[in-house]
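Coordinate inspection notes
Next come the chains, spelled out residue by residue.
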Amino acid sequence: QLQLVESGGGLVQPGGSLRLSCAASGFTSDYYAIGWFRQAPGKEREGVSCLSTADGTIYYANSVKGRFTISKDRAKNTVYLQMNSLKPEDTAVYYCAADYLPSVVGFCRRRSGSGSWGQGTQVTVSS
């Protein structure tokens, strides 16, 4: 199974930036969906941004479009989430997740917690 380890979270002021990293290992296929989910206190978990390694298709939640950028370093098997113009409502635990699914939209918008998940990294946006 996939092993995912997140890093890069922390405390940042509104308008600031952070870059999250997800180091992935244990692949049994070169083709999978991988991305970032977040869960804030009292809120439902939501898909933030995901990509497909099969064709490079990328999905962003409407709430982060224009502010967040997902990317992947193929050589390092690491997925990044560059978060700019951070808002207090971005405060959450951010999780990296992956699964062998053909649809990146279906993966990122799913309610199921299936697949492989990292331990999470806390992002706090506060002045």
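See the structure above.
Residues numbered from 1 in each chain as written. Predicted model: local features only at pLDDT ≥ 70, side-chain atom pairs only at ≥ 80, totals over all residues. Heavy atoms only, no water.

For the rest of this paragraph, the subject is the nonpolar core. Within the largest apolar cluster, 27 residues are counted, with the highest numbers of intra-cluster contacts made by Ile34, Trp36, Phe68, Leu81, Met83 and Tyr94. Those elements that place two or more of their residues in this core are strand E3 (18-25), strand E4 (33-39), strand E5 (46-52), strand E7 (68-73), strand E8 (78-83), strand E9 (92-99) and strand E11 (121-125). Residue contacts for Ile34: discarding those within four places in its chain leaves Leu4, Cys22, Ala24, Cys50, Leu51, Ile70, Val79, Cys96, Ala97, Ala98 and Phe107. Counting 8 residues, the second largest nonpolar core, distinct from the first, contains Phe37, Cys50, Tyr59 and Ala97. (Core = buried A, V, L, I, M, F, W, Y, C linked by side-chain atoms within 4.5 Å. Buried < 20%, exposed > 50% of the residue type's maximum accessible area, 1.4 Å probe, protein only. Helix = DSSP H or I, 4+ residues; strand = E, 2+ residues; numbered from the N terminus. Contact = heavy atoms within 4.5 Å.)

Here the focus is the environment of Gln1. For Gln1, the position within the fold is in the segment before strand E1 (3-7). Setting aside residues no more than four positions away along its own chain, Gln1 makes contact with Ser25, Gly26 and Ser116.

Another aspect to go through is the pattern of salt bridges. Following the criterion strictly, the structure yields 5 salt bridges and no others. Between Arg38 and Asp90 there is a salt bridge, with its nearest N and O atoms 2.9 Å apart. Of this pair, Arg38 sits in strand E4 while Asp90 sits in the loop between E8 and E9, and the two are 52 residues apart along the sequence. The buried category is assigned to Asp90, whose relative accessible area is 1%. Arg111 is the partner of Glu44 in a salt bridge, and the nearest nitrogen-oxygen pair spans 3.5 Å. Here Glu44 is found in the loop between E4 and E5, whereas its partner Arg111 is found in the loop between helix H1 (104-108) and strand E10 (116-117), with 67 residues between them in sequence. The exposure class assigned to Arg111 is exposed, which follows from its relative accessible area of 72%. A network of salt bridges, in which partner residues are shared, links Arg38, Glu46, Arg67 and Asp90. (Salt bridge = Lys/Arg side-chain N within 4 Å of Asp/Glu carboxyl O.)

Such coordinate-based values are descriptive only and should not be taken to indicate function.
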